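Spelled out, the chains give:
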Amino acid sequence: MSLIADFESYRTRMNDRIMETANTNIKRFFALDTTTYAEGALDVKTKEMLGLVASMVLRCDDCIKYHLGKCHEAGVNHDEMNEVFMIANLVGGSIVIPHYRRAVEYWDELCSVGS
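Under an unreviewed UniProt entry, the name given to the chain is AhpD family alkylhydroperoxidase, and the source organism is Mucilaginibacter gotjawali.

Looking at the side chain of His67
As for its placement among the helices and strands, His67 is situated in helix H4 (residues 61-73). Excluding residues within four positions of it along the chain, His67 makes contact with Tyr37, Glu48, Gly51, Leu52 and Ser55.

Observations concerning the packing of helix H5 (residues 78-92) against helix H6 (residues 97-113)
At their nearest, the axes of H5 and H6 sit 10 Å apart, and the two run at 165 degrees to each other. The angle between H5 and H6 places the two elements in the roughly antiparallel class. Relative to H6, the crossing made by H5 is right-handed. Residues His78, Met81, Phe85 and Asn89 of H5 form the contact with H6, whose participating residues are Ile97, Tyr100, Ala103, Val104 and Trp107. The residue makeup of the contact of H5 with H6, split by class, is seven nonpolar, two polar and no charged.

Details of the packing of aromatic side chains
Counted by the stated rule, this structure contains two aromatic pairs. Pairing Phe7 with Tyr106 gives two aromatic rings, centres 6.2 Å apart and planes at 85 degrees, and the pair type is edge-to-face. In this pair, Phe7 sits in helix H1 (residues 3-21) while Tyr106 sits in helix H6, placing the two residues 99 residues apart along the sequence. By the burial criterion, Phe7 is buried, and Tyr106 matches it.

Some thoughts on the state of the cysteines
A covalent bond between the sulfur atoms of two cysteines is what we call a disulfide. Taken as a whole and assessed by the stated rule, the structure comprises one disulfide. Cys60 shares a disulfide with Cys63; S-S distance 2.4 Å. Taking the sign of the torsion about the S-S bond as the criterion, the disulfide between Cys60 and Cys63, at about 65 degrees, is right-handed. Judged by relative accessible area, Cys60 falls into the partly exposed class, the value being 26%. For Cys63, a relative accessible area of 31% translates into the label partly exposed. Between Cys71, a free cysteine, and Cys111, which holds the nearest cysteine sulfur, the sulfur-to-sulfur gap is 11 Å.

Rules used in this analysis
Residues numbered from 1 in each chain as written. Predicted model: local features only at pLDDT ≥ 70, side-chain atom pairs only at ≥ 80, totals over all residues. Heavy atoms only, no water. Helix = DSSP H or I, 4+ residues; strand = E, 2+ residues; numbered from the N terminus. Contact = heavy atoms within 4.5 Å. Axes fitted to C-alpha atoms, helices over the stretch in contact; angles between N-to-C directions. Parallel < 35°, antiparallel > 145°, perpendicular 65-115°, else oblique. Left-handed = near helix turned anticlockwise from the far one by under 90°. Nonpolar A, V, L, I, M, F, W, Y, C, P; charged D, E, K, R; others polar. Phe/Tyr/Trp six-rings, centres within 6.5 Å; stacked < 30°, edge-to-face > 60°. Buried < 20%, exposed > 50% of the residue type's maximum accessible area, 1.4 Å probe, protein only. Disulfide = S-S within 2.5 Å.

Written out as structure tokens, the structure reads:
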């Protein structure tokens, strides 16, 4: 399977599993995460780019993949993505580089599927 299919399948399966037994607070937290990235004073595209930078700096590969997919859906182009990557590396330092490599690999696959 592809990087994208593997990630999306796992994420969906495990989110469904979590929701089977989730208490009210977990359900509210998941809802808060969803609504935070909705259109507001900032557009969805900007919010997803911010989420991607934060995810890279925090070094969460699952979060990086998720926000890369959302950025792709929101229409982030190659030049914009390179600037997002630069900001994440600047803020996060050299420890972000391994996550940057995997992010570029995932972004390339998103772009090749979307072509």
